[in-house]
Amino acid sequence: MKRMNTLQHRINQFIGTASALALCIGMSQASAQDEIIRGDIPDMPEMQWVPEPEGIQVEQFASDLEVVWNIRFAPDERMWVTERPGRVRIFEQDGSTSDTPWLSIEDITFFQGESGLTGQAFHPDYPETPWVYLMYTYQTEEGPLNRISRFQDLGDRAGEEEILLDGLAAQARGGSHSGGTLEFGPDGKLYAATGDAFERQRSNNLEDPNGAVLRLNPDGSVPADNPWPGNPIWAHGMRNPHGLSWQPDTGLLFAGDHGPTGEDRLMAHDRIIVLQGGEHHGWPVMVGAIDSPEYVDPILAFAPNSSPPGDVLFYDADLMPQFQGDLFVSVLGFQPQDRQNLMRIRFEDESQPTKPTAIERWFNDAEGNSVYGRLRALAVGPDGALYVGTSNHDGRQMTPAKREQPDQILRITPAD
């Protein structure tokens, strides 16, 4: 295991030492406040429940999996999948895979709650530059931590690990709020979403990289044009973000973030938000929208019923042109009444391209009868199909019929 000693030393200094960056927007207000501010719920567009969407067909692409967390396609059109217990698998175009994972780190992975092997991404110049980036939770004698690493692709197996960012907080009891998403942006930078590890004031502290979206160079260093010099944080005030996706027409970065589950007696308020670099996105100061210049309000917030977002993905392929520009969100749900579904959000107002105009909730009848259970990983394949991974074996699926089935990857294509 190879460490970037100089870089890691600088990062450790950043995390552990005081600096002028403590002057976080709104930090003193949130630290002193007695309770989280209850904001308004943004206007909700028309919503329709669609157990069996017309014009599409759903088939099983792969099965016998365990907690599919992330799906990526390499330039050679092979599918790469992370299983949260600590495995990376590669699937051929026909759905076949080797019995031996490309990488297995099950022996060190902290697989509990929402933690484990989560995000993955390819170097922007892959395969010429054959780096595969991973984010995972690992166990130490002092408790679990999260890290971001990259591994060389040696074909059928992973090469040596190079740790880029280490020591990110993880919740020891329960394993909640690790975030875990990795995405390379149009600017060639690596964006990483981190959770607050159930210590909400982390999200409010610019000295703490938790509860934020980080922005790194491919080698793990901090870009010179980040909002705060020398700081990997690009945007903060997040609780537990699991998905990032850029809107094709605007280039804006959308995120899905989980709302509270008991903090200050608050529930739900899961949200979709358009991220703004250098800004505070509300948590833990407020939930909903408060229309303050100090905070970025969500474009959607779901209450009183929860809709915890797994992955978020803009569809931009030609196979199903009726979905181009739509945002798909995998809604996890904890129990049947949470109404697990695949949400399709439409943006049809050209004058306000980030304003949701309609919502369809697929694969659920609005009464808690989910067709596929907990959904998480989303990807658009080179064939234009929409791929969806299930997460029924993560310990949170309360429907026995779904919990007893292996996790799978679904392939959505036109019905014709």
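Numbers given to residues run from 1 along each chain, matching the order in which its sequence is written. For this predicted model, a pLDDT threshold of at least 70 governs which residues receive local features, and a threshold of 80 or more governs which side-chain atom pairs are given and counted, while totals over whole chains, interfaces and linings are taken from all residues. To obtain the side-chain values, all non-hydrogen atoms of the structure were included, while hydrogens and water were left out.

Caption draft 1: View of the sheet that holds strand β8 (residues 103–104). At least two DSSP bridges between two strands are required for those strands to pair. Strands here are runs of E lasting at least two residues and helices are runs of H or I lasting at least four, both read from the DSSP assignment and numbered beginning at the N terminus. Across the sheet, which stays open at both edges, the 4 strands sit in the order β5-β6-β7-β8 with antiparallel pairing between neighbours. The open sheet is flanked by β5 (68–73) and β8, the only strands paired with a single partner. Pairing of strand β6 (residues 79–83) with strand β7 (residues 87–91) involves 5 bridges; the strand directions are antiparallel. Residue pairing in the sheet places Glu83 in a bridge with Arg87 of β7.

Caption draft 2: The pattern of salt bridges, seen in detail. The salt bridge criterion pairs a side-chain nitrogen of Lys or Arg with a carboxyl oxygen of Asp or Glu, the two atoms within 4 Å. Enumeration over the complete set of coordinates arrives at 24 salt bridges. With a closest N to O distance of 2.7 Å, Arg72 and Glu183 form a salt bridge. Taken together, the positions of Arg72 in strand β5 and Glu183 in strand β13 (residues 181–184) put the pair 111 residues apart, joining distant regions of the chain. Take Arg72 and Glu183: they sit in the same class, and that class is buried. Exposed residues in this analysis have more than 50% of their type's maximum accessible area, buried residues have under 20%, and partly exposed residues fall in between, with area computed by a 1.4 Å probe over protein chains only.

Caption draft 3: Seen up close, the pairing of strand β27 (residues 386–390). Among the 5 residues of β27, 5 are classified as buried, and the element is accordingly described as predominantly covered. Burial along β27 is two-sided: Leu386, Val388 and Thr390 and Tyr387 and Gly389, pointing in opposite directions, are all buried. The hairpin formed by strand β26 (residues 375–380) and β27 contains 5 residues between the paired strands, and Gly384 there has a positive phi angle of roughly 85 degrees. Both β27 and strand β28 (residues 407–414) contribute to a ladder of 4 bridges, which runs antiparallel. Looking across to β28, one finds that Tyr387 is bridged to Arg411.

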